[in-house]
Amino acid sequence: MEYTTDVVVIGAGAIGSAIARELSRYEVDVILIERNEDVGGYASKCNGGVLCSGHELVPGSLEWRLTSASNRAYDQICKDLNVEMKRPGFIYAAQNDDEMAQLKEIHRTAILNGEYGAELLSKKKVHELEPVLHPNIVGGLLIPNEATVDLMDLTLAFVENAMDNGVRVLLSTKATKINVDPNRHCVTSVSTDKGDIACKFAINAAAIYADKLAQSVGFCDYYNYPRTGQYFVLDKNLPYMPKHIVNPLPTPISRGRLVTPTIHGNTLVGPSADNMTDRERTCTDRAIMESIIEDCRKLIPDINPADSITQFCGVRPAIYPAGWRIRAVDGCQGYIEAVGNNQGVSSAPGVAKYVSVLLGEEGLEMIQKENWIATRKPVRHFADMSEEERDAAIKENPQYGNVICRCETVTEGEIIDVIHRGPGAHSVDAIKRRLRAGMGRCQGGFCGPRVIEILARELGVSEEEICKNEKGSEMLVRVNRR
C-alpha cells in the first residue's frame, strides 16, 4: 500500500475524527488512519458520553478556551450531523459542610469561566431537583450546560461527514513512524504496517501511543501512561435514574465517580481512575467495581449492581508532565500534535479548529470549498419510528420488518445499511456501537448469531471469520453441524 496526500491524521478517536471533518472544509487532500478495525479510537469509544462545559478549568487557559467553545458549538454540530444530544445539566452533591465550602470555590471558578447559570443549591433545592439523592446530601452546585451525547454516533458522524467531503479513511492501519527529512527538518511521510503514506503534514492524535510517534520525529518531552476507567451499565428507566448527571466533588486526577443518565435511557455508574502500566489492559476488577458501587451509593442509595446489564473498562491516556500538547513542533515543519487532552470528546471541535489554524501557519494553503457538505444523512432507527414510518420503511424494504435484536428493536434492514455506509461496520461490536444490537438485557444472547450471519453474508466471508472486534476475537471456532 502506497498513498500520497497532503495531510495524514493519525488516530480516529474523537479528536482525530473531528480534525478530519474540519479539514474536509478545505481544498486539501486528507487521509485519516486508525489502528483499530473501527472508528472511535481506543479511549474515545469507552468515554462516558458527557460533554463537559469547561466550568472547572483554569480561566483563560487553552484547555478552557477550546472546551467551552466546543460546548457552545455542539448544539449546531449535533443538529447538522443528526446525532442525539441532551443537556440534563450537572449536579455536584456535597456530603458535608466542608464539601459545600469547596463547592463555593468551584462556583466562583465557573462564574469566572462564563458559566453564569451555575447555581449553588441548598439542601432543600438539591433534593427538589433530584429526589433520588441520598438524604445525607447537604447541598449542591448546578452546572446547567453539561450535556450527554450518543458518543459512538458522534465520532462516526465526524468520519462519515469527512468522507462525504473527500477524506479517505484507512482502518486496521497502524502508524509506526513519522519520517522526517534530516536536512530540511520537515515531514516527508508516515510509515504504517501496510506501507508508507507520502505527505507534508502529519497530525499526531494517537492518544495512548502519541509519545511513541513523537519519539520517531526526534522530539518528545512527555510520556503517556494508561489510566483505566471501569463502569457499570445499568438497565433502562430505573426508578432511581437521576434527571441530571450527579457527581461527587472532583479528585486531583478525575471528576470522580459519576451517575449519568445516558441518551438511550440506561444509567452509567463510574468510572474509576486507576493509573496503570499496561496500555492494553481493559479487564474489570471486582474490588474496584465494588468500590464504585459503594461510592456512588453515597450519592444515590438505591443503586443496585443487580440492575447491571454489563460492565466495561476503558483506557484513557494520561500524560507526564501533565498538560495539553496542541501545537506545531518547532524544528520539524509539518508535524503537529493534538495530544495530552483529558477532555478529548468535549473539546474535539475546538481542537480541530485550532489545529486547522496551526496548519495554515505551517504553510498549508487553506482554501475553503464552495460545495462543502455540512450535514450528514441520518441513520434510520426502526425503534424511533412512528407506526406510519415503520409501515413505509417495510414497504420500501421488507428487511426492515425482520427484527434481529428484540431488546433494542433493531432490524435486518438497519444492520445492512450500517455495514455498507461510511467507513463500514465489519464486526459484531461495530454493529453494536452503531445500532445497539446486543446492548440490551440479554447482551446479544438472542441477536448475536443472527448478526454474525448477516455480517458474513454482506461482507462475502465465512461466519468463522466474523470477529467481535479485532482479528483474533473470532466469534465462532468451527462448523459443528449444518
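Residues numbered from 1 in each chain as written. Predicted model: local features only at pLDDT ≥ 70, side-chain atom pairs only at ≥ 80, totals over all residues. Heavy atoms only, no water.

Participant: I'd like to hear about the packing of helix α10 (residues 412-420) against helix α11 (residues 428-435), residue by residue, with values.
Facilitator: Axis angle and axis distance: for two packed helices, these are the angle between their axes and the distance between the axes, and together they describe the pair. Closest axis-to-axis distance for the α10/α11 pair is 10 Å, and the angle between their directions is 110°. As judged from the angle between their axes, α10 and α11 are roughly perpendicular. Across the interface between the two elements, Glu414, Ile415, Val418 and Ile419 of α10 pack against Ile431, Arg434 and Leu435 of α11. Looking at side-chain class alone, the contact of α10 with α11 contains five nonpolar, no polar and two charged residues. (Axes fitted to C-alpha atoms, helices over the stretch in contact; angles between N-to-C directions. Helix = DSSP H or I, 4+ residues; strand = E, 2+ residues; numbered from the N terminus. Parallel < 35°, antiparallel > 145°, perpendicular 65-115°, else oblique. Contact = heavy atoms within 4.5 Å. Nonpolar A, V, L, I, M, F, W, Y, C, P; charged D, E, K, R; others polar.)

Participant: Let's hear about the side chain of glutamate 22: which residues, and what values?
Facilitator: Note that glutamate 22 resides in helix α1 (residues 14-23). Among the polar contacts made by the side chain of glutamate 22, one reaches the side chain of lysine 353 at a distance of 3.3 Å. Excluding anything up to four places from it in sequence, glutamate 22 contacts Ala352, Lys353 and Ser356. (Polar contact = N/O pair within 3.5 Å; in protein donor to acceptor, adjacent residues only side chain to side chain.)

Participant: With reference to specific residues and values, describe the nonpolar core.
Facilitator: By size, the foremost hydrophobic cluster in this structure holds 50 residues, and its most contacted members are Val7, Ile19, Tyr74, Ile203 and Val355. The dominant element in this core, judged by the number of residues it contributes, is helix α5 (residues 151-164), at eight residues. Among all residues touching isoleucine 19, those that are not within four sequence positions of it are Val9, Ile203, Ala338, Ala352 and Val355. Residues Ile91, Leu142, Leu234 and Leu299 belong to the second largest nonpolar core, which totals 23 residues. (Core = buried A, V, L, I, M, F, W, Y, C linked by side-chain atoms within 4.5 Å. Buried < 20%, exposed > 50% of the residue type's maximum accessible area, 1.4 Å probe, protein only.)

Participant: Any chance you could break down α11 for me, citing the residues and the numbers?
Facilitator: For α11, a buried count of seven out of eight residues is recorded, marking the element as mostly surrounded by other parts of the structure. Within α11, the full set of buried residues consists of Val428, Asp429, Ala430, Ile431, Arg433, Arg434 and Leu435. On its buried side, α11 packs onto α5, β24 (410-411), α10 and α12 (448-459).

Participant: Explain the packing of aromatic side chains residue by residue, including any values.
Facilitator: The tally for this structure, following the rule as stated, stands at four aromatic pairs. Ring centres 4.9 Å apart and planes at 75° place the aromatic pair phenylalanine 90 and tyrosine 92 in the edge-to-face group. For tyrosine 92, a relative accessible area of 1% puts it in the buried group. Ring centres of tyrosine 223 and tyrosine 320 lie 5.8 Å apart, and the angle between their planes is 45°; this geometry places the pair in the tilted category. Taken together, the residues tyrosine 223 in strand β15 (residues 223-236) and tyrosine 320 in strand β20 (residues 308-320) connect sequence positions 97 residues apart. Within the aromatic cluster, the residues linked to one another by ring pairs are Tyr223, Tyr225 and Tyr320. Sitting above the plane of the tyrosine 42 ring, arginine 35 keeps its charged end 5.0 Å from the centroid. (Phe/Tyr/Trp six-rings, centres within 6.5 Å; stacked < 30°, edge-to-face > 60°. Lys NZ or Arg CZ within 6 Å of the ring centre and 35° of its normal.)

Participant: Give me the lowdown on the pattern of salt bridges, citing residues and values where you can.
Facilitator: Scanning the entire structure with this criterion turns up 31 salt bridges. Put simply, arginine 433 and aspartate 38 hold a salt bridge, and the shortest N to O gap is 3.0 Å. Here arginine 433, found in helix α11, pairs with aspartate 38, found in the loop between β3 (30-33) and β4 (50-51); they are 395 residues apart in sequence, far enough to count as distant. The same class applies to arginine 433 as to aspartate 38, namely buried. With a closest N to O distance of 3.8 Å, glutamate 396 and arginine 380 form a salt bridge. Within this pair, whereas glutamate 396 is found in helix α9 (residues 387-396), its partner arginine 380 is found in the loop between α8 (344-361) and α9, the two being separated by 16 residues in sequence. Classification of glutamate 396 as exposed rests on a relative accessible area of 60%. (Salt bridge = Lys/Arg side-chain N within 4 Å of Asp/Glu carboxyl O.)

Participant: Tell me what's going on with the sheet that holds strand β5 (residues 85-86), and back it up with residues and numbers.
Facilitator: Hydrogen bonds between backbone groups are what pair the strands of a sheet, and the pairing can be parallel or antiparallel. With antiparallel pairing, the three strands of this open sheet are ordered in space as β4-β9-β5. If you trace the sheet from one side to the other, it starts and ends with β4 and β5, each paired once. Taken together, the two bridges between β4 and strand β9 (residues 147-149) define a ladder with antiparallel strand orientation. By the bridge assignment for β9, valine 50 is matched with threonine 148. (Pairing = 2+ DSSP bridges.)

Participant: Could you give an account of the sheet that holds strand β22 (residues 335-339), with specific residues and numbers?
Facilitator: Within the open sheet, the six strands sit side by side as β10-β3-β2-β14-β22-β21. Their pairing is mixed. What marks the edges here is a single partner per strand, and that holds for β10 (168-170) and β21 (325-328). The average undirected angle you get between the axes of adjacent strands in this sheet is 15°. Pairing between strand β2 (residues 7-10) and β3: four bridges, direction parallel. Paired with valine 9 across the strands is leucine 32, a residue of β3. Of the strands in this sheet, β2, β14 (201-204) and β22 touch helix α6 (residues 210-217), which is tilted by about 160° from β22.

Participant: Please set out the pairing of strand β17 (residues 258-261) residue by residue, giving values where relevant.
Facilitator: Side chains of β17 alternate between two faces, with Leu258 and Thr260 and Val259 and Pro261 buried alike. Note: β17 against strand β18 (residues 266-270), four bridges, orientation antiparallel. Looking across to β18, one finds that leucine 258 is bridged to glycine 270. Linking two consecutive strands that pair antiparallel, namely β17 and β18, is a turn of four residues; a positive phi of about 95° is found at glycine 265 within it.

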